[in-house]
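Coordinate inspection notes
Each chain, letter by letter, is given below.
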Amino acid sequence: MTCTLCGLDAGPSAFCCAGCENVYAILLESGVVASGQNFRDSALFQQSLRLGLISKPSEQPPPIPEGAETRETVYHVSGMWCTSCGWLIEHALTRTRGVRTAEVLFASDLLKVRYCPQYLPPDRIVEHVQSLGYRASEYSGPSTEADAERKSLLLRTGIAAFLSMNAMMFSLVVYASYFEAINGFGRYIPFVLMAIATPSVFYCAAPILRIAWTGARMGVLRMESLLAMGILTAYGYSVALAFSGSTHVYFDTACAIVTLVLVGKTIERGAKEKTAKALTLLYRLMPTKVRLLAEGTERFVSLEALLPGARFLVKSGERIPADGVVMEGRSHADESVLTGESAPRPKEPGDPVVCGSVNTVGVLEIRATRVGAESTLAQIVRTVEQAAASRTHVERAVDRIARIFVPIVLALAVLTFAGWQWRTGNPGDALMHAIAVLVIACPCALGIATPLALTAAVAGASRRGVLVSDTRAIETIRKVDTVVLDKTGTATTGDFTLLEVTGDTSRMAELAAVEAMSEHPLGKAVAAQYNRSLMASEITIHPGKGISGVVGGVRYFIGSGKLVGHASACPSSGTNVHFGWDGTTKGTMTFGDRVRPEAVELCRKLRERGVRTLLLSGDSAAATHSVAVEIGTDDWKAEATPDDKVAIIRELQQRGQVVAMVGDGVNDAPSLAQADLGIALGSGTDIAMQAAPLVLMGASLAGVTDTLDLARKTFRIVRQNLFWAFAYNVAGIALAITGVLNPILAAAAMVLSSLSVIGNSRRLGR
């Protein structure tokens, strides 16, 4: 047994020791146990623990079971000033019991946490982040808190600039005294400068100092540590000189560093907001009200009140607030923001509509199918959130380098001070050179080089109709050397037409009733052509083979040769399926499908880029070969079940190939997950889309090559950013050590380096 109070092993007893038994008796008599609250949170328990009256577990708490419920939440974090802030939050949260993973994306101020709610309440995550000196709230689009933070930064920057200009004006008197001693009021100039610099250092630079102090408490040296040391050293040394009677102070240097750093941070923040604009736009697409139809009348209600099955009206120019099916009316819907397709699509009774699209003309009466968090638009928003909160291997490597870089810079600053002090014997000059090293080496440009470029790439992809659910997909797609294409619905349109039926055609209505329960395009083609007044039951789906069901007490089956136990004897280039009942094959259906025009272009472009293509299908060899020849793939494989597709992709990977799988159906989900990169067309099912980190919302294969080109351009720019960021740091440190750069010039150079990285990254969003 475990101890009722402390949880240690108590053998056959209820308590492990007399101390625990006595404390529990007191808790019982005081009513704490009866109150229902956790008695371990009570003041009496905590005090008894501190006094040693209760046994303290010396061992680590038991690990959380692998099968424990896991949730994922995205938070907006305020107060982050660099990528080291993100690392600190990640490091602290991952050491918290109940947190599976924690990922921070500095470029979007987002934190994605996977945690076990049974062991860690979500409000404790927010409290933990706040204990580190930041503010966190569950992300739900642009917030007033983020706007307040931006205004606070602008206010601090404006005040710092005003104080810095005044400090420079009064410092002219100090600089003039280098040639001629000042008397009278001049001796009070250092105290006037101190009065100007104090609010600049302790108010305007408060975020920098706070973050540096938080890192110091946790034993972490960060980018802000360099800036804080430079600012406080210049200010503290000047205070000491002022009270010692010297007039040669450096308050203007402290003010200038604060101003230039804040200007740089303001520019960075603007760049981050622009690169994350795609996510903001998606939230603005979500309507908040719906024109509900109830008992023949219409009224506006909150979107939360809309339930599946309810009917609502959408008039011309209004956004559709939920996924649904048109019941009455004819119009066109502009789905360009969601799909990338510029032309509005016609809508008439029976057609599906997507949340967030715009009804261009006429009035539509729609029956809701998926509302709120289940709608297509809400799922897209969650996917983009996940992409914004994911990080690539390059980002993590740069973060590790930046953390090593900071202590190296501190050592160089100390050596610079010692060297100049030994050479000149002037501690003031030596200190200024050391401060210049601290400021110029602050790796701000290095920290934003990768995340800004990747966030801009995600935004640029969304404008091309490509939804990236994980930024690591951009890193992977540039390495792809083999693209596997599913045939039906991917290389072809999936709009099948029943061309011919051979054999016994007397029970086509019963077969249509079974096919009506299938999501496969072939089943839809049969169900659409024959009367479906009958209902099927006991439906069994045979993945990659076909479907069977009972109608009128008879079991019918429709499927490929693998389902009926023999290969197709029909050499036709069309798609053939067999049907029958009572365990006997009765005939064959032949279907026709059209090849997507963009599939031909895709294979051509991939071949030009040296990427091999493979057509993979569960269809017959004749039909698969015909499509492969028409679109120009390098190879093809037919009659493959979902398990066969996974095995084929695994075999390619074992040969050292980086494989991308393009598909759109339920049968494609396992192979999408197995591939190094899964690409699901936007017309595909939810299962397929959830299995793929890259989703082409426009159902256009042209997006594959567009994204391949974008990925290559992204990492070319990332390499350029990292090269110039490293070159800037190395050259800047060398110039600061040799005395060419003073602290003010160093701060200005730091801002210019960040501007060059930002400008380079913005090219991806065009």
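Residues numbered from 1 in each chain as written. Predicted model: local features only at pLDDT ≥ 70, side-chain atom pairs only at ≥ 80, totals over all residues. Heavy atoms only, no water.

Things to note about the sheet that holds strand 6 (residues 297-302)
In spatial order, the strands read 6-5-7-13-8-11; together these six strands make up an open sheet with antiparallel pairing. Of all strands in the sheet, those with a lone pairing partner are strand 6 and strand 11 (352-353), marking the two edges. Pairing geometry for strand 5 (residues 289-294) and strand 7 (residues 311-314), over three bridges, is antiparallel. Its bridge partner being in strand 7, Leu-293 is matched across the sheet by Arg-311. (Pairing = 2+ DSSP bridges. Helix = DSSP H or I, 4+ residues; strand = E, 2+ residues; numbered from the N terminus.)

Quick notes on the confidence of the model for the protein chain
When pLDDT is averaged along the protein chain, the result is 76, and 75% of the positions lie at 70 or above. Note that pLDDT drops below 50 for residues 683-688; the model gives that stretch 17 contacts with residues more than four away or on any other chain. (pLDDT = per-residue confidence, 0-100. Contact = heavy atoms within 4.5 Å.)

Re the packing of helix 6 (residues 189-204) against helix 7 (residues 206-217)
Running from N to C, helix 6 and helix 7 point in directions that differ by 55 degrees, and their axes come no closer than 5 Å. If you check the angle between helix 6 and helix 7, you find them oblique. Contact with helix 6, carried on its side by Val-201, Phe-202, Tyr-203 and Cys-204, involves Ala-206, Pro-207 and Leu-209 of helix 7 and no other residues of that element. Broken down by class, the residue content of the contact of helix 6 with helix 7 amounts to seven nonpolar, no polar and no charged. (Axes fitted to C-alpha atoms, helices over the stretch in contact; angles between N-to-C directions. Parallel < 35°, antiparallel > 145°, perpendicular 65-115°, else oblique. Nonpolar A, V, L, I, M, F, W, Y, C, P; charged D, E, K, R; others polar.)

Remarks on helix 6
Taking 1.5 Å as the rise per residue, helix 6 with 16 residues should run 22 Å; its terminal C-alpha atoms sit 22 Å apart, in good agreement. Bending of helix 6 peaks at approximately 30 degrees at the position of Ala-197, with proline Pro-199 no more than four residues after it. (Expected span 1.5 Å × (residues − 1). Bend = angle between axes of the 7 residues up to and from the residue.)

Description of the sheet that holds strand 12 (residues 358-359)
One open sheet accounts for three strands, arranged 10-9-12; its pairing is antiparallel. Two strands in the sheet have a free side with no partner beyond their single neighbour: strand 10 (345-347) and strand 12. The pairing of strand 9 (residues 331-334) with strand 10 spans three bridges and is antiparallel. Considered in strand 10, the bridge of Ala-333 is made with Arg-345.

Some points on the packing of aromatic side chains
Ring pairs (aromatic) are described by centroid distance and by the angle formed between their planes. Across all of its chains, the model carries four aromatic pairs by this definition. With a centroid separation of 5.4 Å and 85 degrees between ring planes, the pair formed by Phe-202 and Tyr-235 is classed as edge-to-face. One end of the pair, Phe-202, is in helix 6; the other, Tyr-235, is in helix 8 (residues 223-243), and 33 residues separate them in sequence. Look at Tyr-235 and you get buried, because its relative accessible area is 10%. The ring centre of Tyr-203 lies 4.6 Å from the NZ or CZ of Arg-156, which sits over that ring. (Phe/Tyr/Trp six-rings, centres within 6.5 Å; stacked < 30°, edge-to-face > 60°. Buried < 20%, exposed > 50% of the residue type's maximum accessible area, 1.4 Å probe, protein only. Lys NZ or Arg CZ within 6 Å of the ring centre and 35° of its normal.)

Digging into the pattern of salt bridges
Once their charged atoms are close, side chains differing in charge can pair, the charge on each being opposite to the other. One pass over the structure, following the stated rule, counts twelve salt bridges. Put simply, Glu-365 and Arg-311 hold a salt bridge, and the shortest N to O gap is 2.9 Å. Taken together, the positions of Glu-365 in strand 13 (residues 364-370) and Arg-311 in strand 7 put the pair 54 residues apart, joining distant regions of the chain. Its relative accessible area of 13% is what places Glu-365 among the buried residues. Looking at Arg-311, the relative accessible area reads 32%, which means it is partly exposed. Among the charged side chains, a salt-bridge network with shared partners connects Glu-601, Arg-604 and Glu-608. (Salt bridge = Lys/Arg side-chain N within 4 Å of Asp/Glu carboxyl O.)

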